[in-house]
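This is what each chain is made of:
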Amino acid sequence: MGVYSQICPCGSGSSYIDCCERIHNNINLANNALELMRSRYVAFVYQNGDFLELSHHPSTRSNFSKRKTMKWAKSVNWLKLEIISFSELTEVNATVLFKAFYIEKGKIEFIYEHSTFTKDLGHWTYFDYLSI
Ligand SMILES: [Zn+2]
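Residues numbered from 1 in each chain as written. Predicted model: local features only at pLDDT ≥ 70, side-chain atom pairs only at ≥ 80, totals over all residues. Heavy atoms only, no water.

Participant: If you had to explain the sheet that holds strand β4 (residues 123–130) to someone new, which residues and values would you point to?
Facilitator: On the basis of which strands lie adjacent, the open sheet formed by four strands has the order β1-β2-β3-β4 and antiparallel pairing. Of all the strands in the sheet, just β1 (77–88) and β4 have a single pairing partner and so form its edges. Direction aside, the axes of adjacent strands within the sheet are offset by 30° on average. Across the sheet, helix α2 (residues 33–45) touches β1, β2 (93–104), β3 (107–120) and β4, and the angle it forms with β1 is around 165°. (Pairing = 2+ DSSP bridges. Helix = DSSP H or I, 4+ residues; strand = E, 2+ residues; numbered from the N terminus. Axes fitted to C-alpha atoms, helices over the stretch in contact; angles between N-to-C directions. Contact = heavy atoms within 4.5 Å.)

Structure follows, in structure tokens:
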């Protein structure tokens, strides 16, 4: 039992082992930026800071603090990921507009972000975000 037998928090309806866990174990298995985006959301839910770091493009990785992010991710209760749009711009560039809902200090909050993704070393990575 434990998280492995659970339905994947990304909202696919599959179990975690058949879904984002595969990508957490091998980032090359994310077939597109949307799959990477979903697996990054699940990494927040399961506090997998190593995967968040690995899946962050090296050139913007300095914007990411694993320690601070994990401290915050642990302090909230994640509710769901809502994908609003997914655009593949080129073979190596894509964007995902999403909302990620959570409860913080008893209130429902959400992150609303238009994330950009790019390929690095043959696999998808989170690059940055656009203003909305
Ligand atoms: Zn999943």
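From this point on, the discussion continues.
Participant: Can you tell me about the environment of E82, naming the residues and giving the values?
Facilitator: Following the sequence through the fold, E82 ends up in strand β1. Here E82 falls in the partly exposed class, since its relative accessible area comes to 31%. The spatial distance from the C-alpha of E82 to the C-alpha of K68 is 24 Å, given a sequence separation of 14 residues. In contact with E82, other than residues within four places in its own chain, are L97, F98, K99 and F101. (Buried < 20%, exposed > 50% of the residue type's maximum accessible area, 1.4 Å probe, protein only.)

Participant: Quick one: what's the story with α2, residue by residue and with numbers?
Facilitator: In this model α2 runs 18 Å from its N-terminal to its C-terminal C-alpha over 13 residues, within 8% of the 18 Å that 1.5 Å per residue would give. Burial runs high along α2: eleven of the 13 residues are buried. Among all positions in α2, only A33, L34, L36, M37, S39, R40, Y41, V42, A43, F44 and V45 are buried. You can read the cap of α2 off the contacts: a side-chain oxygen lies 3.1 Å from the backbone nitrogen of L34, and it is on N32. (Expected span 1.5 Å × (residues − 1). Polar contact = N/O pair within 3.5 Å; in protein donor to acceptor, adjacent residues only side chain to side chain.)

Participant: Hey, could you go over the environment of K80 for me, with residue numbers and the actual values?
Facilitator: Along the polypeptide, K80 turns up in strand β1. When its relative accessible area of 42% is taken as the criterion, K80 is described as partly exposed. For the pair K80 and Y102, spaced 22 residues apart in sequence, the C-alpha to C-alpha distance is 7.2 Å. If we skip the residues at most four places from it in the chain, K80 touches Y41, K99, A100 and F101.

Participant: Would you mind going over the pairing of β3 in detail, with residue names and values included?
Facilitator: Of the strand pairs in this sheet, β2 and β3 are connected by twelve bridges, and their pairing is antiparallel. When the bridges of β3 are listed, T95 appears paired with T116. If you look at the hairpin formed by β2 and β3, you'll find two residues sitting between the two strands, and K105 has a positive phi there, around 50°. Judged from the seven bridges that link them, β3 and β4 form a sheet pairing that is antiparallel. Of the residues in β4, the one forming a bridge with T116 is D128.

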